[in-house]
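Coordinate analysis (summary)
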Amino acid sequence: NVISALGDPKKRGKTFVPYRDSKLTRLLKGSLGGNHRTLMIACVSPASANLEESLNCLRYANRARNIQNRAVVNLDAGSRLIA
């Protein structure tokens, strides 16, 4: 699981991250472990009929919260202006 591999401090940088296992994680590769800023919104319901789905969403959001990215500005050395 991509979220588990990126969010676990013990595994960070030491294990393979399976981005290709899912189309969604492949699309979100830059956001999950790359060079993008990301906002996670967890939608939960107060209805008892949706309790299990709300708990799963909160567990997922808690694991995703542990992912830490270091965004860096990508500069092309050839396109810099010399003043």
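The shown structure was predicted, so the numbers you read here are calculated from the model rather than taken from an experiment.

How each quantity is defined
- Residues numbered from 1 in each chain as written.
- Predicted model: local features only at pLDDT ≥ 70, side-chain atom pairs only at ≥ 80, totals over all residues.
- Heavy atoms only, no water.
- Core = buried A, V, L, I, M, F, W, Y, C linked by side-chain atoms within 4.5 Å.
- Buried < 20%, exposed > 50% of the residue type's maximum accessible area, 1.4 Å probe, protein only.
- Helix = DSSP H or I, 4+ residues; strand = E, 2+ residues; numbered from the N terminus.
- Contact = heavy atoms within 4.5 Å.
- Patch = residues over 30% accessible without salt bridge, like charges linked within 9 Å, V, L, I, M, F, W, Y side chains within 5 Å.
- Areas by Shrake-Rupley, 256 points an atom, 1.4 Å probe, with all protein chains shown as cover.
- Salt bridge = Lys/Arg side-chain N within 4 Å of Asp/Glu carboxyl O.
- pLDDT = per-residue confidence, 0-100.

In this structure, Val-2, Ile-3, Ala-5, Leu-6, Val-17, Leu-32, Ala-64 and Ile-67 together form the largest nonpolar core, which totals 8 residues. At 4 residues, helix H1 (residues 2-7) tops the list of elements feeding residues into this core. With near-sequence residues (within four places) excluded, Ile-67 lies in contact with Ile-3, Leu-6, Gly-7 and Leu-32.

Together, Val-44, Leu-51, Leu-55 and Leu-58 line one region of the surface with nonpolar side chains, adding up to about 330 Å² of accessible area. Tracing the chain through its elements places Leu-55 in helix H4 (residues 51-65). By relative accessible area, which is 32% here, Leu-55 ends up partly exposed.

Looking now at the side chain of Ser-54. Structurally, the position occupied by Ser-54 is in helix H4. Those residues in contact with Ser-54 that sit more than four places away from it in its chain are Val-44 and Ser-45.

As for its placement among the helices and strands, Pro-18 is situated in the loop between H1 and helix H2 (23-27). Owing to a relative accessible area of 13%, Pro-18 belongs among the buried residues under this scheme.

The next subject is the confidence of the model for the protein. Low-pLDDT portions of the prediction should not be read for the details of their coordinates. Looking at the protein as a whole, the pLDDT averages 77, with 83% of positions reaching at least 70. The least confident element of the protein, judged by mean pLDDT, is H1 at 71; the most confident is H4 at 89.

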